[in-house]
Amino acid sequence: MRSVLTALILGSAFLSAAPAFSDAVKDGHRVFMTKSCMACHGRNGAKPIATYPALAGQNAKYLLTQLKAIKSGDRTGTVDPETGHTYVQGMADIMHLLSDDDMKNVVAYLAEQDPAKPEILDPAPTEDELAAGAKLYKKLGCRSCHGKEGSKPSNKAYPFVAGLDRDYLVRAMTEIRDKVRTSGKSKMMFGTIKRADDDQIAAIATWLSQIDRNAE
Ligand code: HEC
Ligand code: HEC
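Now for a quick tour of the structure. (Residues numbered from 1 in each chain as written. Chains lettered and ligands numbered in written order. Predicted model: local features only at pLDDT ≥ 70, side-chain atom pairs only at ≥ 80, totals over all residues. Heavy atoms only, no water.)

A few points about the nonpolar core
Definition in use: Only buried residues count toward a nonpolar core, which is a set of Ala, Val, Leu, Ile, Met, Phe, Trp, Tyr and Cys residues joined through side-chain atoms within 4.5 Å. Each residue gets one of three labels from its accessible area relative to the maximum for its type: buried under 20%, exposed over 50%, partly exposed in between, using a 1.4 Å probe on protein chains only. Strands here are runs of E lasting at least two residues and helices are runs of H or I lasting at least four, both read from the DSSP assignment and numbered beginning at the N terminus. Segment limits for the domains were obtained from an automatic or database-derived domain assignment. Contacts: residue pairs with any heavy atoms within 4.5 Å of one another.
If you look at the biggest cluster of nonpolar residues, it comprises 27 residues, and the most contacted ones within it are Tyr 137, Leu 169, Met 173, Ile 193, Ile 204, Trp 207 and Leu 208. Secondary-structure elements contributing two or more residues to this core are α6 (127-140), α8 (166-177), α9 (187-193) and α10 (198-209). For this core, the element with the highest residue contribution is α10, accounting for six residues. When we break this core down by domain, the ones giving at least three residues each are domain 1 (1-116) and domain 2 (117-216). Contacts of Ile 204, omitting those with residues within four sequence positions, involve Gly 133, Leu 136, Tyr 137, Leu 140 and Met 173.

Here's the deal with the site of ligand 2
Stated formally: Proximity is defined per residue: if any heavy atom of the residue lies within 4 Å of a molecule or strand, that residue is considered near it. In protein, a polar contact requires one atom able to donate a hydrogen and another able to accept it; more generally it is a pair of N or O atoms within 3.5 Å, and residues adjacent in sequence count only if both atoms are side-chain atoms. Basically, the charged four are Asp, Glu, Lys and Arg, the nonpolar ten are Ala, Val, Leu, Ile, Met, Phe, Trp, Tyr, Cys and Pro, and anything else, Gly included, counts as polar.
Taken together, 27 residues form the shell around ligand 2, and within it Cys 142, Cys 145, His 146, Tyr 168 and Met 189 come nearest. Residue Tyr 168 places a side-chain N or O atom 2.5 Å away from an oxygen atom belonging to ligand 2. In the environment of ligand 2, an oxygen atom lies 2.9 Å from a nitrogen or oxygen atom belonging to the side chain of Arg 181. Of all the secondary structure elements, the ones that give two or more residues to the shell around ligand 2 are α3 (60-72), α7 (143-146), α8 and α9. The biggest single contributor to the shell around ligand 2 is α8, with five residues. Of the residues belonging to the shell around ligand 2, the class tally is 17 nonpolar, eight polar and two charged.

Brief notes about the packing of aromatic side chains
Our working rule: Aromatic contacts are taken between Phe, Tyr and Trp rings whose centres are within 6.5 Å, Trp giving its six-membered ring; a plane angle under 30 degrees counts as stacked, one over 60 as edge-to-face, and the others as tilted. A ring has a charge above it when a Lys NZ or an Arg CZ is no more than 6 Å from the ring centre and no more than 35 degrees off the ring normal.
Within the structure shown, the criterion is met by two aromatic pairs. Judged by centre distance (5.1 Å) and plane angle (55°), the rings of Tyr 137 and Trp 207 are tilted. You can see Tyr 137 sitting in helix α6 and its partner Trp 207 sitting in helix α10, a full 70 residues away along the chain. Given a relative accessible area of 11%, Trp 207 falls into the buried group. Looking at Arg 171, its charged tip hangs above the ring of Tyr 87, at a distance of 3.5 Å from the centre. Looking at Lys 179, its charged tip hangs above the ring of Phe 190, at a distance of 4.8 Å from the centre.

Some details on the coordination of the iron atom of ligand 1
Here is the rule: Here the term donor refers to an N, O or S atom within 2.8 Å of the metal (or 3.2 Å for Na, K and Ca), and because water is left out of the atoms, sites may appear incomplete. Under this scheme a four-donor centre is tetrahedral when all angles range from 85 to 135 degrees, a four-donor centre is square planar and a six-donor centre octahedral when opposite donors are above 155 degrees with the rest from 65 to 115, and any other centre is irregular.
Those donors, His 41 (NE2) and Met 91 (SD), are the protein atoms that reach the iron atom of ligand 1, and they lie 2.0 Å from it. Here the iron atom of ligand 1 binds six donor atoms, and the angle range of 85 to 179° at the metal identifies the geometry as octahedral. With a gap of 50 residues between them, His 41 in helix α2 (residues 37-41) and Met 91 in helix α4 (residues 89-92) connect regions that are remote in the sequence. With relative accessibility at 9%, the residue His 41 sits in the buried group.

Observations concerning unusual backbone geometry
The omega angle of the peptide bond from Asp 122 to Pro 123 is 0°, so this bond is cis rather than trans. Unlike most non-glycine residues, Glu 149 shows phi in positive territory, near 50°. With respect to the helices and strands, Glu 149 occurs in the loop between α7 and α8. When its relative accessible area of 38% is taken as the criterion, Glu 149 is described as partly exposed. One non-glycine residue, Lys 179, lies in positive phi territory at about 60°. In this structure, Lys 179 sits in the loop between α8 and α9.

Brief notes about the coordination of the iron atom of ligand 2
Summarising the metal site, the iron atom of ligand 2 is bound by the protein donors His 146 (NE2) and Met 189 (SD), whose distances to it range over 2.0 to 2.1 Å. Viewed at the metal, the six donor atoms of the iron atom of ligand 2 are separated by angles of 79 to 180°, and the geometry they form is octahedral. Taken together, the residues span a long stretch of sequence, with His 146 in helix α7 and Met 189 in helix α9 at a distance of 43 residues. Overall, Met 189 belongs to the partly exposed group, its relative accessible area being 23%.

All quantities given are derived from atomic positions and should not be read as evidence of function.
Rendered as structure tokens:
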């Protein structure tokens, strides 16, 4: 009897937990579609415009810390010569539209989406260029936090870095190296990234941008 009861209790706990999760994802989709996220980050967060980051399949925990840092103004960045404002400003401007629940739900939705397909670079990088990026990534010790090929972060609060837009990757690494971006856990990267010059950052970004996480 006891085991039947336990099974019933566990069963109902499971049943009530499952819809709650999918409700969050469903509501997150609504947030993504109605709060203008899609205009910049594209369908399912996997087709960003310009040099903006893909969000699909990113760690939910990492995404949430970034949303909070962008909303509070803690995360800043370099100025986009096209607009005269920081790249992140357009997004910071709309963040007041999101409640705490909206933020939690939209990241649950985004983490569930298939990662973006790698962008096609023109000219296409050569095998040697790609190999040089892979070698530097290994040599500088990026793997200890972002994992093999940028696709296995060692902690849920760390981002996947494979398959992001190349120019975004260059910008993110440069901003962290030059201490323009100091929010969240960026400080964890200071010791490693300070050893990379501009050419090395470009080589790593080119290689990372061409990794297809869907092929894992
Ligand atoms: C006007 C364009 C724009 C809109 C609208 C916008 N974003 Fe962004 N978002 C950006 C840009 C640009 C960045 C990268 C900023 C940088 O380079 O530092 C970014 C960064 C992010 C990041 C951090 C990604 C990372 O890898 O660190 C998250 C998460 C995010 N956006 C989610 C959203 C969500 C959710 C919405 C809708 C509520 C949204 N964005 C609306 C342009 C936009
Ligand atoms: C000690 C751990 C650690 C090491 C080593 C490390 N990173 Fe990071 N990296 C992080 C964390 C944590 C973040 C997220 C920072 C934040 O909270 O904003 C990050 C952020 C990034 C980002 C920005 C991602 C985004 O979506 O905006 C890129 C790109 C990146 N790292 C690449 C690298 C590369 C390349 C190396 C090696 C040269 C490296 N990292 C070494 C922990 C690390």
